[in-house]
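Tertiary structure, described
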Amino acid sequence: MHPFKYIRTEDAASAIAKHTEAEKTQFIAGGTNLVDRIRRDVFHPDVLIDINKFPYHKIEEHQGGLRLGALVSNSDTADHKAVKKNYPIVSEAILLGATDQLRNKATNGGNLMQRTRCSYYMSPKFPCNKREPGSGCAAIHGHNRILSILGTSENCIASFPSDMCASLTALEAKVNIMDIDGSEIVIPIEEFHALPGDTPEIDNVLKPGQLITSIDLPASTKTFAKRSTYLKVRDRHSYAFALVSVAAAVTMEAGVITDARMAFGSIAPKPWRDKEAEKMFIGQAPSKALFKKIGEKVVENAKGYGGNSFKIELVPRVVTRAFSEITGLI
Ligand code: SF4
């Protein structure tokens, strides 16, 4: 294992200053993804700054919505009374992810920071543009069952499987970040994760010295609490990444859909939202035919790579099932 220096501090500002001193300095909280990568010899940080003593451990009301501290565990977030009451889709999504043990350790900020998934990335003997830019991509003609059908590039087709992030995207959460000079930056979650393009090694827009402090759930999306679900299709019922998942939510009046959200996990390198497809719900009475058509719209520009091509057919089915459930058709 590559030796690294471990720093534990309560002083966020000085830690952030140190974060810029070395290119391979990393923050660590739960470490559920980071430690895996270090152990598998695919990531070699020089310095780890433990941020667990930083003051981001609360869930509190904020502007009528909720502010989720970056260091609150995924388990505590899923179990929080106000999350369950006003944003049940977040709670559901978290509880369908990983295992109890991982959710107890994993933090909200860390969930956003997890890397896209691909077994070749985790195996140093294979070429991987994400691990080693320019080396090639073993997955495009390899085993790619769980990988992306949308938002890919010729450099990388890895998928972003976070269930929590799909639900946050459907609710238009905002990510609060402390910049290197102590100032605050706010980024809509939809803009936080990056597509691979020509830089597959970059998974999100966070720069060295920037630290996630909290995530805001807006008051406006409490309206989805009554009719929402998180549907996750996977190869086995627990401790597996999704093949396709969707955070689905609607509001209805007099039998007609007045607002709708859907954000997918595991079909793209970031949580995937299609606003044009969402518009097709508005003013319509629910029907399975409508939902299938909307699902087909989502994948109209999708590209399969052999092992994952079945997802193109699966997406409309998942959309039909999820929206049929929340509109009372089934
Ligand atoms: Fe690496 Fe991305 Fe290709 Fe997987 S899909 S081997 S992560 S470049």
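Residues numbered from 1 in each chain as written. Predicted model: local features only at pLDDT ≥ 70, side-chain atom pairs only at ≥ 80, totals over all residues. Heavy atoms only, no water.

As for the site of the ligand
Applied cut-off: For this description, a residue counts as near a given molecule or strand if any of its non-hydrogen atoms is within 4 Å of it. Residue polarity follows a fixed list, in which Ala, Val, Leu, Ile, Met, Phe, Trp, Tyr, Cys and Pro are nonpolar, Asp, Glu, Lys and Arg are charged, and the others, Gly among them, are polar.
Close to the ligand lie 13 residues; Cys118, Cys128, Cys137, Cys156 and Ile157 are nearest. Among the residues forming the shell around the ligand, the class breakdown is 10 nonpolar, two polar and one charged.

Details of the domain arrangement of the protein chain
Condition: Marked domain ranges trace back to an automatic or database domain assignment.
For the protein chain, the assigned domains read domain 1 (5-50) and domain 2 (227-326). Taking only C-alpha atoms into account, the centre of domain 1 sits 36 Å from that of domain 2.

Regarding the packing of aromatic side chains
To keep things clear, this is the line we draw: For Phe, Tyr and Trp, where Trp contributes only its six-membered ring, two rings pair if their centres lie within 6.5 Å, and the inter-plane angle classes them as stacked under 30 degrees, edge-to-face over 60, or tilted in between. For the exposure calls, accessible area comes from a 1.4 Å probe over protein chains only, and a residue counts as buried if that area is under 20% of its type's maximum, exposed if over 50%, partly exposed in between. When the NZ atom of lysine or the CZ atom of arginine is within 6 Å of a ring's centre and also within 35 degrees of its normal, the charge is said to sit over that ring.
Summed over the entire model, instances satisfying the criterion amount to five aromatic pairs. Aromatic side chains phenylalanine 54 and tyrosine 56 sit 6.2 Å apart centroid to centroid with 85° between the ring planes, which places their arrangement in the edge-to-face category. As far as burial versus exposure is concerned, phenylalanine 54 and tyrosine 56 are alike and both buried. Positioned above the aromatic ring of phenylalanine 43, the side-chain terminus of arginine 37 is 4.6 Å from the ring centre.

Topic: the sheet that holds strand S12 (residues 272-273)
Under the convention used in this document: Two strands pair under a simple rule: DSSP has to find at least two bridges between them. In DSSP terms, a helix is any run of H or I states spanning at least four residues, a strand is any run of E spanning at least two, and both are numbered starting from the N terminus.
The four strands lie next to each other as S9-S10-S11-S12, forming an open sheet whose pairing is antiparallel. This sheet does not close on itself; its edge strands, each paired only once, are strand S9 (228-233) and S12. Sheet analysis places S9 next to strand S10 (residues 244-253), joined by six bridges and oriented antiparallel. Residue pairing for S10: lysine 232 is matched across the bridge by serine 245.

Quick notes on helix H5 (residues 88-95)
With six of eight residues buried, H5 is to be regarded as a mostly interior element. Among all positions in H5, only Pro88, Ile89, Val90, Ser91, Ala93 and Ile94 are buried.

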